[in-house]
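One letter stands for each residue in the lines below.
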Amino acid sequence: MLVVMQSNATEEQVRAVCQRIESLGLRPHPIPGAARTAIGITGNSGEVDTGALESMAGVVECIAVSKPYKLVSRDVKAENSVVRVPTPSGDVSFGGQAVAIVGGPCAVETRDQVFTIAERIRAAGVRLFRGGAYKPRTSPYSFQGLGEDGLKILAEVREKFGMGIVTEAVDNESLDLVEKYADVIQIGARNMQNFSLLKRAGKARKPVLLKRGMSATLDEFLMAAEYVMSEGNYNVILCERGVRTFSDHTRNTLDLSVIPAVQRLSHLPIVVDPSHGTGRRNKVLPLSRAAVAVGADGILVEVHHDPAHALSDGPQSILPDEFDRLVGEVRAIAAVLGRTLN
Ligand code: PEP
Ligand code: MN
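Read on for a plain summary of the structure. Keep in mind that this is a model prediction, so the values were computed, not measured.

### Regarding the pattern of salt bridges
- This structure, assessed with the given rule, holds 17 salt bridges.
- For Arg 200, the salt bridge goes to Asp 176, with nearest N and O atoms at 2.8 Å. Of the two residues, Arg 200 sits in helix H6 (residues 195-202) while Asp 176 sits in helix H5 (residues 172-181), which places them 24 residues apart along the sequence.
- Residue Arg 200 is classed as buried on the basis of its relative accessible area, which comes to 18%.
- As a salt-bridge pair, Asp 297 and Arg 339 come within 2.8 Å of each other at their nearest N and O atoms. With Asp 297 in the loop between helix H10 (281-294) and strand S14 (298-302) and Arg 339 in the segment after helix H11 (320-336), the pair connects residues that are 42 residues apart, well separated along the chain. Judged on exposure class, the residue Asp 297 and its partner Arg 339 are both buried.
- What emerges from the salt-bridge pattern is a single network uniting Arg 120, Asp 321 and Asp 324.

Below is the structure:
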């Protein structure tokens, strides 16, 4: 259910409607838009008695939202959402006119490794750094990440290079720590349907980068985002990272057609991860170009100065020189679409 407010409705009127929704035992989600504020209602198991709301001051109408996802839907908010990530060198926005780039290694391995790569990412003009301190690995014998020690190294990178940090939380405990040290909380593909983790991320005060599960449909992907938003965190960035198909020339099949499909249904920003999406270093540059051409709001790329010795995802990590080239080409393609780089 959605309560549409008049374009000139006052904050007080919006607040009064929210209070009435709460008094009905439901949860209000005021979503300010360019033309008007809409208030999404969640928590109802059946129909909401709209009579009491429709007669309130400032209300235009109540509409039933027929789609299973509500807060992520364009029905609730027609224009694109812009998710702002504050960094020590200024905000980086996802979903606005500018395309955002996030670069860094798959995993935080050592302080030296992270600093060597971070210096190059920052020198390329990029202000968001990625790197996993908690790694969800297929084998329990593979490198699992440095945990909180890794987060501390990332916090040093933040300090030294002025970059915002994007890093993954794999469970509720790591999410507490990631929320403390990082600027964006990444939820990985394997956890896209970890509903308790999604709910915890929904209570966090930092933006969430939600990766598409490797076999998730578009509806499942959007419902996962709905879990986060339904808990009150509206700063969700979606990320396409490839899905499983029969194709075996790449690790995953990067589903770039999901970008315009998401954009039709949802106001949330969406970025592309061509590293996990292909699993092959030589395909990261072409698919990054394609991602920006198709309308992605950003790209997330794995970079390593010594990929042959990387503790995870070496084969898909590009070298710092290749990252420089990527940034240049992506900037040129963004310009064709009237966009700049963040
Ligand atoms: C990652 O970003 O390093 C990662 C593990 O990604 P995904 O969840 O997409 O596999
Ligand atoms: Mn990786």
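Once the structure has been displayed, the description carries forward.
### A few points about the pairing of strand S12 (residues 236-240)
- Of all 5 residues making up S12, 5 are buried, and the element is well covered by its neighbours.
- Every second residue of S12 is oriented toward a common face, with Val 236, Leu 238 and Glu 240 on one face and Ile 237 and Cys 239 on the other, all of them buried.
- Taken together, the 4 bridges between strand S11 (residues 208-211) and S12 define a ladder with parallel strand orientation. Each residue of the ladder has a partner; that of Leu 210, found in S12, is Leu 238.

### Examining the site of ligand 1
- Residues in contact with ligand 1, as listed here, are Cys 106, Arg 130, Lys 135, Glu 168, Gln 186, Gly 188, Ala 189, Arg 190, Lys 211, Arg 241, His 276 and Glu 302.
- A distance of 2.8 Å separates an oxygen atom of ligand 1 from a polar backbone atom of Ala 189.
- Lys 211 has a polar side-chain atom sitting 2.9 Å from an oxygen atom of ligand 1.
- A total of 300 Å² of accessible area belongs to ligand 1 in isolation, and the protein chains cover 97% of it.

### Thoughts on the environment of Tyr 134
- With respect to the helices and strands, the residue Tyr 134 is situated in the loop between strand S8 (128-130) and helix H4 (148-161).
- What makes Tyr 134 buried here is its relative accessible area of 15%.
- For the pair Tyr 134 and Met 223, spaced 89 residues apart in sequence, the C-alpha separation works out to 25 Å.
- Residues contacting Tyr 134, with those up to four places away along its chain left out, are Gln 144, Gly 147, Glu 148, Leu 151, Glu 168, Val 170, Ser 174, Leu 177 and Val 178.
- Of note is the side chain of Tyr 134, whose polar atom sits 3.5 Å from the backbone nitrogen of Glu 148.

### Side note on the coordination of the manganese ion (ligand 2)
- For the manganese ion (ligand 2), the full set of protein donor atoms is Cys 106 (SG), His 276 (NE2), Glu 302 (OE) and Asp 313 (OD), at a range of 2.0 to 2.4 Å.
- Binding-site remark: the manganese ion (ligand 2) is held by donors from one chain whose sequence spacing is C-x169-H-x25-E-x10-D. Of this pair, Glu 302 sits in strand S14 while Asp 313 is found in the loop between S14 and H11, placing the two residues 11 residues apart along the sequence. You'll find Glu 302 and Asp 313 in the same group, each marked buried.

Criteria and cut-off values
- Residues numbered from 1 in each chain as written.
- Chains lettered and ligands numbered in written order.
- Predicted model: local features only at pLDDT ≥ 70, side-chain atom pairs only at ≥ 80, totals over all residues.
- Heavy atoms only, no water.
- Salt bridge = Lys/Arg side-chain N within 4 Å of Asp/Glu carboxyl O.
- Helix = DSSP H or I, 4+ residues; strand = E, 2+ residues; numbered from the N terminus.
- Buried < 20%, exposed > 50% of the residue type's maximum accessible area, 1.4 Å probe, protein only.
- Pairing = 2+ DSSP bridges.
- Near = heavy atom within 4 Å.
- Polar contact = N/O pair within 3.5 Å; in protein donor to acceptor, adjacent residues only side chain to side chain.
- Areas by Shrake-Rupley, 256 points an atom, 1.4 Å probe, with all protein chains shown as cover.
- Contact = heavy atoms within 4.5 Å.
- Donors = N, O, S within 2.8 Å, 3.2 Å for Na, K, Ca; no water.

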